[in-house]
Amino acid sequence: MVVEDTTTKTHRRSTVSIPTHITGASSAMLDDPKTLEEIASINMLAFSGNNAGDNNTRFAKMQIRSNLSSPDYRYYIAFREKEVVGYIGWKVLGGFAREHPVIELDQIAISEKARGNRIAPRLIEETVQDAVFALTATNPRFQHDSPVHLVVWTYADNDSANKIYDYYFTDGVNGSRNQYGNDEVMKSRTLEAPYSLKKPHE
Ligand SMILES: CC(C)(COP(=O)(O)OP(=O)(O)OC[C@H]1O[C@@H](n2cnc3c(N)ncnc32)[C@H](O)[C@@H]1OP(=O)(O)O)[C@@H](O)C(=O)NCCC(=O)NCCS
C-alpha cells in the first residue's frame, strides 16, 4: 500500500510543507541497510528496551526483522524524500480465527526531528484499513462486513501518545496493568466495516 501526500498544512508551531509518503514494509525494503538502520534508530530511541546502551541498533533490528517475518504483524513506514521519519506496527492478538479479530497498534514512533507534524495520526488513519485486511486474510471465520476490535497499550503518562489515542480509540480505557515498573492503560475501539479512522483535519 502506498499513500502519497504532498499537501502543505498549517501546524500549531509553523507552516510546513510535508511531502510524506507512507508505504507497507516488505522484507525487500529492509534489505536496504540505510532504511533498516533508520527504522531501527527510531525504534531504539523511542523504546528503551531495545537500546543496548551503546546506541547500537542491533536489538531493534532483531525485533524489526522478527516482526516483519511474522504473518501476524504488519509494518508501515513514513518517508520524507528517502528518509524514514516514522513507522507503525499492527499485530493480531489472541489468535487468528476469532470472529471479531483483535488487532493491536503495537508500536508507533516518529523521529524526534519530525515530531509535531501529525505524521503519527496520518500513519494510524492511512494504514488501519490495509492492516485489517492483511491481518485477517487467512481467517476463514471473518466476514469483511463484521467489526474488528482495535486496542493499544500505552504508558499512562505518555501525554503525546494518549492525546492521539484519545482521538481514535474512542471506546476509552478498557484495561490497566503495571508492566516492567510502568503504569499502562489499554484503549480500545470497535471498528465497523470499512474500517476507516479518517477524521477531518483542522
Ligand atoms: C507519540 C508520537 C508517536 C506522536 O507523533 P507525532 O507525529 O509527533 O504526533 P503529533 O504530536 O504531531 O500529533 C498529535 C496531535 O495530533 C492531534 N490530532 C490527531 N488527529 C487529529 C485530528 N483529526 N484533528 C486535529 N488534531 C488531531 C492530537 O491531539 C495532537 O495534537 P495537538 O497537540 O496539536 O493537540 C511521537 O511523539 C513519538 O514517536 N514518541 C515516542 C514513541 C512513543 O511514545 N510512541 C507511542 C508508544 S505507545
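Look a little higher up for the structure.
This write-up is about the structure you can find in this document. The shown structure was predicted, so the numbers you read here are calculated from the model rather than taken from an experiment.

Along strand β7 (residues 102-110), 7 of the 9 residues are buried, which leaves the element largely enclosed by surrounding structure. Where β7 and strand β8 (residues 148-155) come together, 3 bridges link them in parallel fashion. Note on β8: the bridge partner recorded for V102 is H149. Handedness of the β-α-β unit built from β7, helix α4 (residues 119-136) and β8 comes out right-handed.

Moving on to the packing of helix α2 (residues 33-46) against helix α3 (residues 58-68). Between α2 and α3, whose axes approach to 8 Å, the crossing angle comes to 110 degrees. Overall, the two elements α2 and α3 adopt an arrangement that is roughly perpendicular. Two secondary-structure elements touch here, α2 through L36, I39, A40, N43 and M44 and α3 through A60, K61 and I64. Its residues assigned to classes, the contact of α2 with α3 comprises 6 nonpolar, 1 polar and 1 charged.

Formed by 42 residues in total, the largest nonpolar core has its most connected members in I39, Y76, I77, Y87, I88, I103 and L123. Mapped by element, the contributors of at least two residues to this core are α2, α3, β5 (73-80), β6 (83-93), β7, α4, β8 and α5 (159-168). Sort the elements by how many residues they give to this core and α4 lands first, with 8 residues. If near-sequence neighbours (up to four positions away) are discounted, Y87 is found in contact with I39, I42, Y75, Y76, I77, A78 and A109.

Now for the site of the ligand. If you check the shell around the ligand, you find 22 residues, and the closest are A46, R115, A120, P121 and K199. Those elements giving two or more residues to the shell around the ligand turn out to be β7, α4 and α5. Ranked by the residues each element gives to the shell around the ligand, the list is headed by α5, at 5 residues.

Cut-offs used in this document
- All residue numbers refer to position in the chain's written sequence, counted from 1.
- pLDDT decides what is reported in this predicted model: residues at 70 or higher carry local features, side-chain atom pairs at 80 or more are listed and counted, and totals for whole chains, interfaces and linings draw on all residues regardless.
- Here exposure depends only on C-beta density: within 10 Å of a residue's C-beta, 20 or more other C-beta atoms make it buried, 12 or fewer make it exposed, and intermediate numbers make it partly exposed, the C-beta atoms being placed from the backbone.
- For the purposes of this entry, the term helix denotes a DSSP run of H or I that reaches at least four residues, the term strand denotes a run of E that reaches at least two, and both are numbered from the N terminus.
- Pairing between strands is defined by DSSP: at least two bridges between the two strands are required.
- With the strands pointing away from the viewer, any crossover whose connection runs clockwise from the first strand over the helix to the second is right-handed.
- Interaxial angle, 0 to 180 degrees, is taken between N-to-C directions of lines fitted to C-alpha atoms, where a helix line uses only the stretch in contact.
- Here is the rule for angles: anything less than 35 degrees is roughly parallel, anything more than 145 is roughly antiparallel, 65 through 115 is roughly perpendicular, and the remaining ranges are oblique.
- What counts as a contact is two residues whose backbone-derived C-beta atoms lie within 7 Å of each other.
- Charged means Asp, Glu, Lys or Arg here, nonpolar means Ala, Val, Leu, Ile, Met, Phe, Trp, Tyr, Cys or Pro, and polar covers whatever is left, Gly included.
- Think of a nonpolar core as buried Ala, Val, Leu, Ile, Met, Phe, Trp, Tyr and Cys residues chained together by C-beta atoms that fall within 7 Å.
- In this text, near has one meaning. A residue is near a molecule or strand if its C-beta atom, placed using the backbone, is within 6 Å of it.

By themselves, these observations are geometric and do not establish any function.
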